[in-house]
Amino acid sequence: MALPTTPQPAPVPVGPNLSMFDPAFAGIDEYGTPVYIPLAYRRLLIAGEPDAGKSSLVNLAAAHASLAADARTVLFDGKLVELGPWEDSADEFVGADMDHALVTLRRLQTVMNNRYAWLLAHGRRKFTRADRVKAICSIFDEIALYATVLGTREQQTEFITLFRDLVARGRAAAMPVIAATQRPSIDIIPKSLRDLFGYRAAFRCTSSGSSDIILGDGWSHAGFCATTIRPTLPGVCYLIAEGGVPRLIKVAYLTDADIATLAEFAAWARAGDRTHPHTGPTVVAA
Ligand SMILES: Nc1ncnc2c1ncn2[C@@H]1O[C@H](COP(=O)(O)OP(=O)(O)OP(=O)(O)O)[C@@H](O)[C@H]1O
């Protein structure tokens, strides 16, 4: 006699059949339920103190975008080592170089403007999976580095303006943004910027104020505070979705070996794709 089986969620395809419009696997919640994030139409903010495990979520998102057949990636990583493994499959990789960051952001803005012009000309409001337009996923690991450390004050201001524009308008143009910071403070993430991110992950924080800066005002008083996450539990965070209640989740962990394997496959898959006449030009190429 066959044993009764527990219904399983439909598996998300991997490799060439994976789409940026498929939800990205993030981990499990406290009841063991799988948690997915729809990256294509959302923007994801990841914040918390050093060593809280932010890079596990950054890498999951980078893996999803790098492996998705209908996506291109633009990576900003001043530390080089967090997103570095994904460089070979990226259209552009920006290190600790403010000039390069600004040139790349200006190009992304131009692409975004062109996409909006196309939408207007076709009487449309947003791109969908059916349009077969490549999503362009920009990932920033340590926005504070570009917003407050590198370059001149004028360049930092321009960076913040361009970054904010990409976050604000990228969604309908299929240009999602994922940004991480270990400095959840009001100067790096003002409320008006925070509220543009439909998904926000608060890893362990040192103060309830920092936790609220990520999740939203009042959540720490309501019992959802990232200071309560134990330091011995890296990779645990509160994840809030637009209009929802924070969920405690354990982010899935990719080891360095996993990342190397996936990144190698992504680079191999993209190598032919970039030059293929029917799959679109390299988006931020000169
Ligand atoms: N999801 C996870 N599950 C289990 N362990 C994890 C997880 N995420 C991170 N860790 C462990 O915690 C350590 C620190 O994590 P990580 O480097 O991701 O922190 P971080 O918040 O990105 O730090 P920083 O801001 O300094 O870059 C890792 O080396 C790893 O051992």
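It should be emphasised that the depicted structure is a prediction, and the values quoted were computed from it without experimental measurement.

### Focus on the overall build of the protein
In step 1: The helix and strand tally for the protein stands at seven helices and 10 strands.
In step 2: The burial tally for the protein puts 43% of its 286 residues in the buried class.

### Notes on helix α4 (residues 153–169)
In step 1: Between its terminal C-alpha atoms α4 stretches 24 Å, which fits the 24 Å expected from 17 residues at 1.5 Å a residue.
In step 2: Contacts from the buried residues of α4 go to α2 (98–121), β6 (135–141), α3 (143–149), β7 (177–181) and α5 (191–194).

### As for the UniProt feature "domain: FtsK" (unreviewed entry) in the protein
In step 1: Here the UniProt-annotated "domain: FtsK" (unreviewed entry) positions come out as residues 32–212.
In step 2: Secondary structure over residues 32–212 splits into 39% helix and 19% strand, and the C-alpha atoms at its two ends are 25 Å apart.

### Considering the site of the ligand
In step 1: In the vicinity of the ligand, 14 residues are found, and the nearest of them are Gly53, Ser55, Ser56, Pro234 and Gly235.
In step 2: Per-element accounting of the shell around the ligand gives the leading share, three residues, to helix α1 (residues 54–67).
In step 3: Tallied by class, the residues present in the shell around the ligand amount to six nonpolar, six polar and two charged.

### Quick notes on the nonpolar core
In step 1: Ranked by internal contacts, the top residues of the largest apolar core, which has 79 residues, are Leu39, Ala61, Cys137, Ile139, Ala202 and Cys237.
In step 2: When residues of this core are assigned to their parent elements, the largest contribution, eight residues, is made by α1.
In step 3: Sequence-distant contacts of Ala61, defined by excluding residues within four places in its chain, comprise Ala24, Leu39, Leu44, Ile139 and Ile178.

### A short note on unusual backbone geometry
In step 1: Backbone geometry places Leu80, a non-glycine residue, at a positive phi of 65 degrees.
In step 2: Tracing the sequence through the fold places Leu80 in the loop between β4 (71–77) and β5 (92–94).
In step 3: The backbone phi angle of Glu142 is positive, close to 80 degrees, even though this residue is not glycine.
In step 4: Relative to the elements of secondary structure, Glu142 occurs in the loop between β6 and α3.

### A look at the UniProt feature "binding site: ATP" (unreviewed entry) in the protein
In step 1: Following the UniProt record, one finds the feature "binding site: ATP" (unreviewed entry) at Gly48, Glu49, Pro50, Asp51, Ala52, Gly53, Lys54 and Ser55.
In step 2: Within the fold, Lys54 resides in helix α1.
In step 3: Ignoring anything within four residues of it in the chain, the contact list for Lys54 reads Ile46, Gly48, Ala180, Gln182 and Phe203.
In step 4: Note on placement: Ser55 falls in helix α1.
In step 5: C-beta crowding within 10 Å serves as the criterion here: with 24 such atoms nearby, Ser55 is assigned to the buried category.

### Considering the sheet that holds β4
In step 1: Spatial strand order, β2-β1-β10-β9-β8-β3-β7-β6-β4-β5: 10 strands in an open sheet with mixed pairing. Both edges of this open sheet fall to β2 (34–37) and β5, since each of them pairs with a single strand only. Sheet twist, expressed as the average angle between the axes of neighbouring strands with direction ignored, equals 25 degrees.
In step 2: Bridge count between strand β3 (residues 44–47) and β7: four bridges; the pairing is parallel. In the sheet register, Leu44 faces β7, and the bridge partner there is Ile178.

### A short note on the packing of α2 against α4
In step 1: Interaxial distance between α2 and α4 falls to 10 Å at its minimum, and their mutual angle equals 30 degrees. Our pair here, α2 against α4, has a crossing hand that is left-handed. Across the interface between the two elements, Met98, Ala101, Leu102, Leu105, Arg106, Leu108, Gln109 and Met112 of α2 pack against Gln155, Glu158, Phe159, Leu162, Phe163, Asp165, Leu166 and Arg169 of α4.

### Section: the environment of Cys205
In step 1: For Cys205, the location among the structural elements is in the loop between β8 (199–203) and α6 (208–215).
In step 2: Residues Cys205 and Ser138, spaced 67 residues apart in sequence, show a C-alpha to C-alpha distance of 25 Å.
In step 3: Not counting residues up to four positions away in its chain, the partners in contact with Cys205 are Gly48, Glu49, Pro184, Ser210, Ser211, Ala226 and Thr227.

### Quick look at the pairing of β3
In step 1: On β3, burial covers both faces: Leu44 and Ile46 on one face and Leu45 and Ala47 on the other are all buried.
In step 2: By the bridge criterion, four bridges tie β3 to β8 in an arrangement that is parallel. By the bridge assignment for β8, Ile46 is matched with Ala201.

### Here's the deal with the environment of Leu239
In step 1: Turning to its location among the elements, Leu239 is positioned in strand β9 (residues 236–241).
In step 2: Overall, the presence of 24 C-beta atoms within 10 Å leaves Leu239 in the buried class.
In step 3: Leave out the neighbours within four places in its chain, and Leu239 touches Val35, Tyr199, Ala201, Pro246, Arg247 and Ile249.

Cut-offs applied
- Residues numbered from 1 in each chain as written.
- Predicted model: local features only at pLDDT ≥ 70, side-chain atom pairs only at ≥ 80, totals over all residues.
- Helix = DSSP H or I, 4+ residues; strand = E, 2+ residues; numbered from the N terminus.
- Buried ≥ 20, exposed ≤ 12 C-beta atoms within 10 Å, placed from the backbone.
- Expected span 1.5 Å × (residues − 1).
- Contact = placed C-beta atoms within 7 Å.
- UniProt positions renumbered as here; feature names shortened; annotations may be inferred.
- Near = placed C-beta within 6 Å.
- Nonpolar A, V, L, I, M, F, W, Y, C, P; charged D, E, K, R; others polar.
- Core = buried A, V, L, I, M, F, W, Y, C linked by C-beta atoms within 7 Å.
- Pairing = 2+ DSSP bridges.
- Axes fitted to C-alpha atoms, helices over the stretch in contact; angles between N-to-C directions.
- Left-handed = near helix turned anticlockwise from the far one by under 90°.

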